[in-house]
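# Chain and residue survey
One-letter residues, chain by chain:
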Amino acid sequence: MFELEKIKELYEEELINFRRDLHMYPELSLKEYRTTEKIKEKLTSLGIEIIDIGMETGVIGLLRGAESDPTIALRGDIDALPIQELSDVPYKSRIDGVMHACGHDIHATTLIGAALILSSIRDKLKGNVMFVFQPAEEVNKGAKLMLEKGLFTDIKADLIFGLHNNPEIPWGKIAIKKGGLMAAVDTIKIRVKGRGGHGALPHATSDPIVAASAIIMNLQTIVSRNVSPLDSAVISLGTINSGTTNNVIPEIVEMTGTVRSFLPETRQMLPERIKEVLENTARAYKVDVELDYIFELPAIFNSEELTKLAYGAAKEIVGEEGIVEPIPSMGGEDFALFTEKIPGFFFWLGVGNEERDMNYVWHSPRFDGDERALIIGSTVMSNMVLKGIDYVNNNRG
């Protein structure tokens, strides 16, 4: 139904300008006030209803079609990162120490593009479209907050589609994968308590630093010896804090880390095995240990049925040659919390362009994406909405 070249003529310049405005004025998680107002202004100008769920940032827009249901949701995140931008482009961040280093300005803009496209055919839509502009993805809080405020409980939707840019995939390509795409994310906090004393008299102490060192090494054997080589997992310790001076063995060592996995059975095994390693290592070194294991985000896992739907929608826009199957990422995405409530599909939008020096990874101070990908993402998402409406109607009752 959608002709990409015609849509480019109509909306591409507008989308590039919108994205550049967001890029110049990035805002940190839960402080996306200007971004929120800009999105509301644009949606309102298109006759899209703004739904207030009592949040200061983030936007929910509802486009009512010719029929009252089903409702298909589209999600894009809007927050930036505390990173100083080092790229030299006219639309470089004007906010010191803050930039869109993960491309959430791209995500928000693709949703605006979908709003432009779909609002132009609202009289032909056999359902509604919900536009979810989510704050605070970078701190894993935004999706949870929106759900707590009633999204998908008080405000119903049947399916949700989301995307993330990927600078390692060339612009013009859409990356679609069945199964695990992005990993489950959990946090570990470890406290090792020993008996401190003089650094010259270690035999009179129970040294928590030595014990913590052994714990760090032993934890690495879990992935190499308890996780199948055909599966994936990560255990990384990111902080270790202890001590006050060079010749004193301290009482306490505190460490924090991240645990990543894909399969539910692996995610269930990891905390049990981590606890066993901690307790047995602590016993060997005559210290006490405490573990706080925090389950944060499930994995992004695309079903076979919705993968077929998304593949068909993307193929109509970019052709079969424009679709690639990506290597999954151990990075996480709180979009996964939405798919615990309603069925959903998540894909990657290629934005890379090596010739234009646009292939820096997420969170790089030189991150940027080829803006020609914006209209492609918007059109593909719009087509997914149409396919999604048909999918829901065909699978009812």
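The following refers to the structure shown. Residue numbering note: each chain is counted from 1, following its sequence as written. With the structure being a predicted model, the display of local features is reserved for residues of pLDDT at least 70 and the display and counting of side-chain atom pairs for 80 or more, all residues being used for whole-chain, interface and lining totals. Side-chain numbers here rest on the full set of heavy atoms in the structure, without hydrogens or water.

### Topic: the sheet that holds strand S15 (residues 323-324)
In this description, strands pair whenever DSSP reports at least two bridges between them. Starting at the N terminus, helices and strands are each numbered in turn, a helix being any DSSP run of H or I of at least four residues and a strand any DSSP run of E of at least two. Spatially, eight strands are ordered S1-S2-S4-S3-S5-S16-S6-S15 in an open sheet, and the strand pairing comes out mixed. The strands lining the two open edges of the sheet, one partner per strand, are strand S1 (49-50) and S15. With five bridges connecting them, strand S2 (residues 59-63) and strand S4 (residues 128-134) associate as antiparallel partners. Paired with Gly61 across the strands is Phe131, a residue of S4.

### Some points on the sheet that holds strand S10 (residues 233-242)
With antiparallel pairing, four strands are arranged side by side in an open sheet as S10-S12-S8-S13. Across the chains shown, the open sheet's two edge strands, defined by having one partner strand only, are S10 and strand S13 (288-297). Each strand of the sheet is rotated relative to its neighbour by a mean of 15 degrees, with strand direction disregarded. Note on definitions: a residue-residue contact is assigned when non-hydrogen atoms from the two residues lie within 4.5 Å. A fitted line through C-alpha atoms serves as each axis, taken over the contacting stretch for helices, and the angle formed by two N-to-C directions is quoted from 0 to 180°. Against the sheet, helix H5 (residues 208-226) makes contact with strand S8 (184-193), S10, strand S12 (252-261) and S13, and its axis sits at roughly 170 degrees relative to S10, the strand it touches most. The strands touched by helix H6 (residues 264-284) are S8, S10, S12 and S13; relative to S13, the strand with the most contacts, the crossing angle is about 165 degrees.

### Some words on unusual backbone geometry
Here the amide bond leading from Asp69 into Pro70 is cis, since omega sits at 5 degrees, within 30 degrees of zero. By secondary structure assignment, the location of Pro70 is in the loop between S2 and strand S3 (71-77). Notably, Ala136 is not glycine yet its phi reads approximately 55 degrees, a positive angle. Structurally, Ala136 is set in the loop between S4 and helix H4 (142-148).

### Thoughts on the environment of Phe133
Its location among the elements puts Phe133 in strand S4. Buried means the residue's accessible area, taken with a 1.4 Å probe over protein chains only, is under 20% of the maximum for its type, while exposed means over 50%, and partly exposed covers the values in between. In this structure Phe133 comes out as buried when scored by relative accessible area, which is 0%. A C-alpha to C-alpha distance of 5.1 Å links Phe133 and Gly76, two positions 57 residues apart in sequence. Excluding its chain neighbours within four sequence positions, the residues that come into contact with Phe133 are Ile39, Leu43, Gly58, Val59, Gly76, Ile78, Ala108, Leu111, Ile112 and Met146.

### Quick look at H6
An ideal rise of 1.5 Å per residue puts 30 Å on 21 residues; H6 measures up with 31 Å between its terminal C-alpha atoms. Of all the residues in H6, the buried ones are Thr266, Arg267, Leu270, Pro271, Ile274, Val277, Leu278, Thr281 and Ala282. Looking at the buried residues of H6, the elements they touch are S8, H5, S10, S12 and S13. Immediately beyond the C-terminal end of H6, within one or two residues, lies Lys286, with a positive phi of roughly 55 degrees. Helix span, expected: 1.5 Å multiplied by one less than the number of residues in the helix.

### Brief notes about the side chain of Asn165
Here Asn165 is to be found in strand S5 (residues 159-170). Judged by its relative accessible area of 0%, Asn165 is buried. Here His107 takes part through its side chain, which lies 2.9 Å from a polar atom of the side chain of Asn165. Those residues in contact with Asn165 that sit more than four places away from it in its chain are Cys102, Gly103, Ile106, His107, Leu349, Val351, Trp362 and Phe367. Whenever a nitrogen or oxygen atom comes within 3.5 Å of another N or O atom, the pair is scored as a polar contact, on the condition that within protein one atom can donate a hydrogen and the other can accept it, and that pairs from neighbouring residues in sequence are kept only if both atoms are in side chains.

### A short note on the packing of aromatic side chains
For Phe, Tyr and Trp, rings pair up if their centres lie within 6.5 Å, where Trp contributes its six-membered ring, and each pair is then called stacked (planes under 30 degrees apart), edge-to-face (over 60) or tilted (otherwise). Within the structure shown, the criterion is met by five aromatic pairs. Centroid distance Tyr293 to Phe295: 4.9 Å. Interplanar angle 55 degrees. Geometry classified as tilted. In this structure Tyr293 comes out as buried when scored by relative accessible area, which is 14%. Owing to a relative accessible area of 48%, Phe295 belongs among the partly exposed residues under this scheme. Considering the side-chain rings of Trp348 and Trp362, the 6.1 Å spacing of their centres and the 75 degrees angle between planes classify their relative orientation as edge-to-face. Taken as a pair, Trp348 in strand S16 (residues 344-352) and Trp362 in the loop between S16 and helix H9 (372-394) lie far apart in primary sequence, 14 residues in all. Linked through ring pairs, Phe152, Phe335, Phe338 and Phe346 together constitute an aromatic cluster.

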